[in-house]
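Structural description and commentary
Residue strings, one per chain:
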Amino acid sequence: MKLGNAVHRIRSGGAYEAHRSRFEALGLTFDRWNEPQYPFALVRQALETFHAQHGHYKVPLTYVVGADDAAYAAEVRGMKLGQIIHQIIHDELYAEHRGELEAMGVPLKPRRELMVDRICEAVRCYRRVYGEGRDIPIAYVVPEGSSAYPRELWGLRLGAAVYRIRKGGYYKDYRDRFEAVGLDIKKER
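The next thing to look at is the overall build of the chain. For the chain, the count of helices and strands is eight helices and zero strands. Order of helices (α) and strands (β) in the chain, N terminus to C terminus: α-α-α-α-α-α-α-α. Expressed as a percentage of the 189 residues in the chain, the buried residues total 34%. Sequence separation of 24 or more characterises 42% of the internal contacts of the chain that already satisfy a separation of 6 or more. Carbon and sulfur atoms make up 50% of the accessible area of the chain, which amounts to about 11500 Å² in all.

For the rest of this paragraph, the subject is the packing of aromatic side chains. Taken as a whole, this structure holds five aromatic pairs when the rule is applied. The structure contains a cluster of three or more aromatic residues connected by ring pairs, namely Tyr126, Tyr130 and Tyr140.

A few words on the nonpolar core. Core analysis: the largest hydrophobic core is formed by 25 residues, its most contacted members being Val43, Leu47, Met79, Leu81, Ile88 and Tyr94. Mapped by element, the contributors of at least two residues to this core are α3 (40-54) and α4 (81-89). Sorting elements by how many residues they give to this core places α3 first, with six residues. Residues within four places of Ile88 in sequence aside, it is in contact with Leu93, Tyr94, Arg98, Leu101 and Leu108. Ile136, Ala161, Val162 and Tyr174 belong to the second-largest nonpolar core, a separate cluster that totals 24 residues.

A word on α4. Most of α4 sits inside the fold, with seven of its nine residues counted as buried. Considered for burial, the residues of α4 that qualify are Leu81, Gly82, Ile84, Ile85, Gln87, Ile88 and Ile89. Against α3 and α5 (98-104) lie the buried residues of α4.

Below, the discussion takes up the environment of Tyr130. As for its placement among the helices and strands, Tyr130 is situated in helix α6 (residues 111-130). You can call Tyr130 partly exposed: its relative accessible area is 34%. The contact partners of Tyr130, leaving out residues within four places of it in the chain, are Tyr140 and Tyr149.

Looking at the chain, pLDDT values average 85 and 90% of them are 70 or higher. Confidence, expressed as mean pLDDT per element, reaches its minimum in the chain at helix α1 (residues 3-11) with 70 and its maximum at α3 with 95.

Glancing now at the packing of α6 against helix α7 (residues 158-167). Interhelical geometry of α6 versus α7 gives an angle of 115 degrees and a closest axis separation of 11 Å. With respect to each other, α6 and α7 are oriented roughly perpendicular. The handedness of the crossing between α6 and α7 is left-handed. Together, Ile119, Ala122, Val123 and Tyr126 of α6 and Leu158, Ala161 and Ile165 of α7 make up the contact between the two elements. Of the residues assigned to the contact of α6 with α7, the class counts are seven nonpolar, no polar and no charged.

Spanning 20 residues, α6 covers 28 Å between terminal C-alpha atoms, matching the ideal 28 Å at 1.5 Å per step. Along α6, the residues that are buried comprise Met115, Val116, Ile119, Cys120, Ala122, Val123, Cys125, Tyr126 and Arg127. Summarising the contacts, the buried residues of α6 are in contact with α7 and α8 (175-180).

What counts and what doesn't
- Here the residue index of a chain counts from 1 through its sequence in written order.
- Only residues with pLDDT of 70 or above have their local features reported here, since the model is predicted, and side-chain atom pairs are shown and tallied only from 80 upward, although totals for entire chains, interfaces and linings are computed over all residues.
- Computation of side-chain values: all heavy atoms of the structure, hydrogens and water removed.
- Strands are runs of DSSP state E lasting at least two residues, helices are runs of H or I lasting at least four, and both sets are numbered from the N terminus onward.
- Throughout, exposure labels follow a simple rule: accessible area from a 1.4 Å probe, protein chains only, divided by the maximum for the residue type, with under 20% read as buried, over 50% as exposed, and the rest as partly exposed.
- By definition, residues are in contact when any of their heavy atoms lie within 4.5 Å.
- In these tables, accessible area is a Shrake-Rupley quantity obtained with a 1.4 Å probe, and a residue counts as shielded only by the protein chains included in the view.
- Two aromatic rings from Phe, Tyr or Trp, using only the six-membered ring of Trp, form a pair when their centres are within 6.5 Å; if the ring planes differ by under 30 degrees the pair is stacked, by over 60 it is edge-to-face, and anything between is tilted.
- In plain words, nonpolar cores are sets of buried Ala, Val, Leu, Ile, Met, Phe, Trp, Tyr and Cys residues tied together by side-chain atoms within 4.5 Å.
- The predictor rates its confidence in each residue with pLDDT, a number between 0 and 100.
- Helix axes are fitted only over the stretch in contact, all axes being lines through C-alpha atoms; the angle between N-to-C directions runs from 0 to 180 degrees.
- Angles below 35 degrees are treated as roughly parallel, those above 145 as roughly antiparallel, those between 65 and 115 as roughly perpendicular, and all remaining angles as oblique.
- By definition, turning the near helix anticlockwise from the far helix through less than a right angle yields a left-handed crossing, and turning it clockwise yields a right-handed one.
- Residues were grouped as follows: Ala, Val, Leu, Ile, Met, Phe, Trp, Tyr, Cys and Pro as nonpolar; Asp, Glu, Lys and Arg as charged; and all remaining residues, including Gly, as polar.
- Helix span, as expected, comes to 1.5 Å for every residue beyond the first.

See the structure below:
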């Protein structure tokens, strides 16, 4: 069990809410657990430095500013920037600054929704290239260098994604979006 993840789920409510008093008796706090550790100005500064180094704002969840990384201001060295962005995405921190972050180009959709966007766009492109009636083979991968697809879709295992969608697992909450782009969800493989 990953203790940090378990504590996060406990503090977020849900299944453990009935046991809150027991956790509080153990010393677990609920009121101030998601207050920001850094002023927003420092988070913005760290994001701008990350962008200058990497050319994008897609901060990996595990990204931590290096303790000796001279490119960053001393105040943000050691900052768990990936976790902060994750908390912003899930409306746990800096909700009042979402508009500013979006204007900067920071992607604030959960990763699953970003993947759904990519799959829908890839299906639309596939349909333009191969026609509406042709099914997407399970082994189909968006070709690298194809001018028919945006660069960010190159290498996407579209056939495997369509197979998983039809199995009804991970993406079941997005069935309407997939059907809207012409994907026959009910079709068996």
